[in-house]
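Residues per chain, in single letters:
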Amino acid sequence: MTHLVCCVSAEEERRVRANDREYNEKFQYASNCIMTSKYNIITFLPVNLFEQFQEVANTYFLFLLILQLIPQISSLSWFTTIVPLALVLSITAVKDATDDYFRHKSDNQVNNRQSQVLIRGSLQNEKWMNVRVGDIIKLENNQFVAADLLLLSSTEPHGLCYIETAELDGETNMKVRQSVSVTSELGDPNNLASFDGEVVCEPPNNKLDRFSGTLYWREKKYSLTNQNMLLRGCVLRNTEACYGLVIFAGPDTKLMQNSGRTKFKRTSIDRLMNTLVLWIFGFLVCMGMILAVGNAGWEKEVGSLFQSYLAWDTPVNNFLFSAFLSFWSYVIILNTVVPISLYVSVEVIRLGHSYFINWDQQMFCSQCNTAAEARTTTLNEELGQVEYIFSDKTGTLTQNIMTFNKCSINGQSYGKDTHNTCRLDFSPFNPLADPDFCFYDDKLLESVKVGDSCTHEFFRLLSLCHTVMSEEKSEGELVYKAQSPDEGALVTAARNFGFVFRSRTPGTITTTEMGRTVTYSLLAILDFNNIRKRMSVIVRNPEGRIRLYCKGADTVLLERLHPCNQEVMSITSDHLNEYAADGLRTLALAYRDLSEDEWEAWSESHRFADKATDCREDRLAAAYEEVEQNMMLLGATAIEDKLQEGVPETIAVLSLANIKIWVLTGDKQETAVNIGYSCKMLTDDMTEVFIISGHTVQSVRQELRSVWLCAHCTRLYTVGLRINAKLQMTGGQKLRNVCMIEVGEFALVINGHSLAHALEADMEAEFVSTACACKAVICCRVTPLQKAQVVELIKKRKKAVTLAIGDGANDISMIKSAHIGVGISGQEGIQAVLASDYSFSQFRFLQRLLLVHGRWSYLRMCRFLCYFFYKNFAFTMVHFWFGFFCGFSAQTVYDQYFITLFNIVYTSLPVLAMGIFDQDVPDHRSLEYPKLYEPGQLNLLFNKREFFICIAQGIYTSVVLFFVPYAVLSNATQSNGVPLADYQTFAVTTATALVIVVSVQIVLDTGFWTVFNHVFVWGSLGSYFIIMFALHSQTLFRIFPNQFHFVGSAQSTLLQPVVWLTIALATAICIVPVLAFRFLKLDLKPQLSDTVRYTQLVRQKRRKPPEGRLGARGGSRRSGYAFAHQEGFGELITSGKNMRLSSLALASFASRHSSSWIDTLRRKKHTHTPPSGRQMALKSIF
């Protein structure tokens, strides 16, 4: 009974008792073993075959194989089907097994990691997979956290420890976690062995930033929050050791709850092929029924007349049963409309495309010594159809390296471009300078040297106003431990310019200013948060003067300045605009002197607010607001979060290809927006950048509707202006100054808490319609699961091909959810790469992957499929027409060896060469004209319409190939007067004409000729004649008289001039209409690729595009503020809780171009979209 109660309660809450496995095992909690693989040795064969036979084609060929095993209906040998079917199934199975082997290998590597577990009072090494809920484990510096742990104690003071969460949220800056005070002293294994506290907490969930629970121990209870938790996937940094209680293990951990499932990905062409196979099978059944009805009629009316000497075969006893067997015989004969060689060829072509990606030297990164890798062979053509890209920010768009780039001090701007300038050498001036620091303006250094008071105060502020921790490993060898890379960059800048932050205690900050050691009394830290967007410190210098130093967003800091700062503020604002225009992250700096009385009065109010039990945060914010007034402006800083090479250019080119790029990041709003400007996703030319930050369903819905109405009203107003101007000009009035306003461009920025509401079922349609009305979308502070949900939403609502790209473990969910997943092998491990379909080391390689390899793969696959269906319908439908002249007896036109070899030898290699090597324009033209990518997005090159055109051409060719030889040979004679109207002569003539026609057709279809194309096309044609003469030879007939019936047919037929005239006539009738149509289409309605090719022919010298920066910004005002900081560090510092007792090595710290036809189709595509309720309402308004 107790066990049942426990199990029921586990659905709503989790109960964990420390050091009591017997108690915890009653709840049947998951073990710490993870499994991401799909198969094991026992399940592989049945599960893999089940998955493969979900492919309609595989089931279709299995059905045909069963039919061919019945001798009464089969006129073809069974091996013609079973061999290629087994080959396809085997190749796919080997590939799937290989993929799953690597998943097993990765799982075993993780599950077999060692961890120190406290068992019966002593620490023992246990594999991760053997760790259980309720165990206490010890972690050491730089170790991964094995499970979701409640931090119990640490070697750091006050139970503190430092972690890196890159695997969870992509952020490489360190974060602080702290144990509950009552357990912080349990550092000894003996004490921990006697710890029997019980934790009651929330059940397993995927919320990375939230945890709620209670610790019951010694008849007292203590609240637990996310600050007390160490999550699986984190890395312990700069902490000698810590102990934690396992709360969630294995699949219950937040990392695994966010990881998503491995999905079987198929391309849109694969899905279309399944539909077409069903249609073709239906067509096959119809043809079989027609011929079966013909057989019944013939057997009843004609066949019955000579039953006495040509009786029915056993067990046929009437014309209806003969028709029934004839139906299945024709199903077997006509099945070559979709031969299994099609699927073998598709896999070979995809494999070739994958090798081209792997071998592309222009996607090789010499710095990382990393080549691009196609980790799957099934999605290459989908790369040519992408409409939406979902990108992570940190490590994907940026390098996550912050550098102090420029600054403004007292109205003077410092900092030069790195081109044609020399890097400053700080070592003669400052022995404590960081040798890795780079700055290029010597005027700033001279200003420091001459003792400019404003410059000194500027760097003094940077050396004091922060929450950085310092460690001096040896004399003068300083290592800064910053919880945000921004702060580290600012403090390092101050260090190099002579104001070196050395150390701190809870009440003091020690610096070295121009070689002189100075200790300041730290009176208060006014902590940073996202609402204040600033932080301040109040310090007393050795002379007793009290001063407040403040840094923060210019939008909040400039309005708190003393009125006497107007002139400096105006100049500094211009500098801030310039810095923001360059995509730099900006902060404004200011100070205020406080008298002793002012300090005492404010200190008292601050102390009162700090100790308040209700509305403490609001009271503290009011106290901070009171003192942060009437400040004096010192200047501004500009930090560059370095983008990866070529990111802005790549985004610009992809945008021209009509690919929408969404950034999904776990980073802060300000940081994400600034990176948006840096990489040119956001520009000052945009009409508006909307920010959705509501905390409730109603507020988020209202904000989304406001954005949607604003965007669409702007577009309607613009269209109205244009129509009005056109009408007035048509009426004879010349409007000289008509302002042709362009349709507004908008961007949408939405926070994670708002996105959670927007993704709800009743609001997701509004979110999608609003987001898709904007040119750029940035989702910030999102969880890994939310990333996947956004991708799934676009897949469901827009029916578009999506691509997700990221570099961290927090990106795995969206990489798995998107149609195509791309992993960047960066500074955050290889988890994203292991989960991806393609990988490379730089974001800029994405444009080549899509616009070159993706477009070529799509083009080649579409041309291959069009030709393949054409040639097989031309080949197969001859049997249909022949049925009307052979008494519907299911006799084949060609001999069985020609039927077997047609798709395997005679026509396989030329079409493979086209499918692997063909291209319409060179790679550099694909990048020069991004609009060439749009046909893939609109699925123009192979669709149901193109399929019907191909089979119509194939059927036309079959009519010509049957009836032209039939008409000519029926009355033709040899030179000796012997008639040519015999079955074998007709078969050889038709087969030869077929091979020649399809060979000429592929010559016309091939747009790019290589040595392989020439060898395969002419070699296949030559091999046909060689093999045919061999099969019709006397030698083989003497050896196998029952197998080779066409003895001497080739020689006797092909020696007749009338046969060659017949073949030439049939070829001309088949090919001339195709040539005429293509010339007319090229002349009357050329595609963009045709225009590009023509340009190549007439242009001898390519005109180089003018160099310059993309999208120069206007002069609009915006804040470039971004500060990747966390709230709460100020309180930790002033309490002394994060002060070290001993020195610890920080070695890991350094380790992070459109034709109108396309536009018309696109408009039609959008026109057919049913209007939403808001659109109908808007129409009624206007």
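As the structure is a prediction and not an experimental result, all values here were calculated from the model.

## Looking at the side chain of Ser-536
Now for step 1: Positionally, Ser-536 belongs in strand 23 (residues 534-540).
Now for step 2: Setting aside chain neighbours within four positions, we find Ser-536 in contact with Cys-465, Ala-524, Ile-525, Leu-526, Leu-548, Tyr-549, Cys-550 and Glu-628.

## Quick word on the nonpolar core
Now for step 1: Grouped together as the largest cluster of nonpolar side chains are 103 residues, with contacts concentrated most on Val-338, Leu-342, Leu-865 and Phe-898.
Now for step 2: Sort the elements by how many residues they give to this core and helix 27 (residues 845-883) lands first, with 18 residues.
Now for step 3: Apart from the residues lying within four places of it in its own chain, the contact partners of Leu-865 are Ile-269, Met-273, Leu-342, Val-346 and Phe-942.
Now for step 4: Counting residues in hydrophobic clusters, the runner-up holds 52 residues, among them Leu-139, Ala-146, Tyr-243 and Ile-247.

## Some words on the sheet that holds strand 6 (residues 160-164)
Now for step 1: Overall, antiparallel pairing links the three strands, which are arranged 7-6-12 in an open sheet. The open sheet has two edge strands with one neighbour each: strand 7 (174-178) and strand 12 (235-237). Neighbour-to-neighbour, the strand axes of the sheet open up by a mean angle of 45°, direction not taken into account.
Now for step 2: As defined by bridge partners, strand 6 adjoins strand 7 across five bridges and the pair is classed as antiparallel. Looking across to strand 7, one finds that Cys-161 is bridged to Arg-177.

## Concerning the pairing of strand 21 (residues 508-513)
Now for step 1: Of all six residues making up strand 21, five are buried, and the element is well covered by its neighbours.
Now for step 2: Summarising the sheet, strand 20 (residues 499-504) and strand 21 pair through five bridges and their orientation is antiparallel. In the strand pairing of strand 21, Phe-501 is matched with Thr-511.
Now for step 3: Between strand 20 and strand 21, which pair antiparallel and follow one another directly, the connecting turn spans three residues.
Now for step 4: In this structure, the hairpin formed by strand 21 and strand 22 (residues 516-526) is closed by a connection of two residues, where Met-514 is found at a positive phi of approximately 50°.

## Structural notes on the packing of helix 9 (residues 268-301) against helix 27
Now for step 1: Taken N-terminus to C-terminus, the directions of helix 9 and helix 27 make an angle of 5°; their axes are 12 Å apart at the nearest point. Comparing the axis directions of helix 9 and helix 27 gives the class roughly parallel. In this structure, helix 9 uses Ile-269, Met-273, Ile-280, Phe-283, Met-287, Ile-290 and Leu-291 to contact helix 27, whose residues at the interface are Tyr-858, Met-861, Cys-862, Leu-865, Phe-869, Phe-873, Met-877, Phe-880 and Gly-883.
Now for step 2: Looking at the contact of helix 9 with helix 27 residue by residue, the classes come out as 15 nonpolar, one polar and no charged.

## Quick look at the packing of aromatic side chains
Now for step 1: The final tally for this structure, using the stated rule, is 62 aromatic pairs.
Now for step 2: On the numbers, 6.0 Å between centres and 50° between planes, the contact of Phe-356 with Phe-917 is tilted. Here the residue Phe-356 occupies a position in helix 11 (residues 341-359), and Phe-917 occupies one in helix 29 (residues 908-917), the gap between them amounting to 561 residues.
Now for step 3: Overall, the relative accessible area of 24% leaves Phe-356 in the partly exposed class.
Now for step 4: Plain terms: the ring middles of Phe-880 and Trp-881 are 5.0 Å apart, the flat faces sit at 75° to each other, and that makes the pair edge-to-face.
Now for step 5: Classification of Trp-881 as buried rests on a relative accessible area of 18%.
Now for step 6: Seen from the ring of Tyr-23, Arg-17 lies directly overhead, with NZ or CZ sitting 3.8 Å from the centre.

## Comments concerning the environment of Lys-449
Now for step 1: In this structure, Lys-449 sits in helix 12 (residues 442-449).
Now for step 2: Of the residues examined, Lys-449 reaches a relative accessible area of 44% and is grouped as partly exposed.
Now for step 3: For the pair Lys-449 and Phe-497, spaced 48 residues apart in sequence, the C-alpha to C-alpha distance is 8.9 Å.

Criteria and cut-off values
Residues numbered from 1 in each chain as written. Predicted model: local features only at pLDDT ≥ 70, side-chain atom pairs only at ≥ 80, totals over all residues. Heavy atoms only, no water. Helix = DSSP H or I, 4+ residues; strand = E, 2+ residues; numbered from the N terminus. Contact = heavy atoms within 4.5 Å. Core = buried A, V, L, I, M, F, W, Y, C linked by side-chain atoms within 4.5 Å. Buried < 20%, exposed > 50% of the residue type's maximum accessible area, 1.4 Å probe, protein only. Pairing = 2+ DSSP bridges. Axes fitted to C-alpha atoms, helices over the stretch in contact; angles between N-to-C directions. Parallel < 35°, antiparallel > 145°, perpendicular 65-115°, else oblique. Nonpolar A, V, L, I, M, F, W, Y, C, P; charged D, E, K, R; others polar. Phe/Tyr/Trp six-rings, centres within 6.5 Å; stacked < 30°, edge-to-face > 60°. Lys NZ or Arg CZ within 6 Å of the ring centre and 35° of its normal.

Geometric descriptors of this kind do not, in isolation, establish any biological role.
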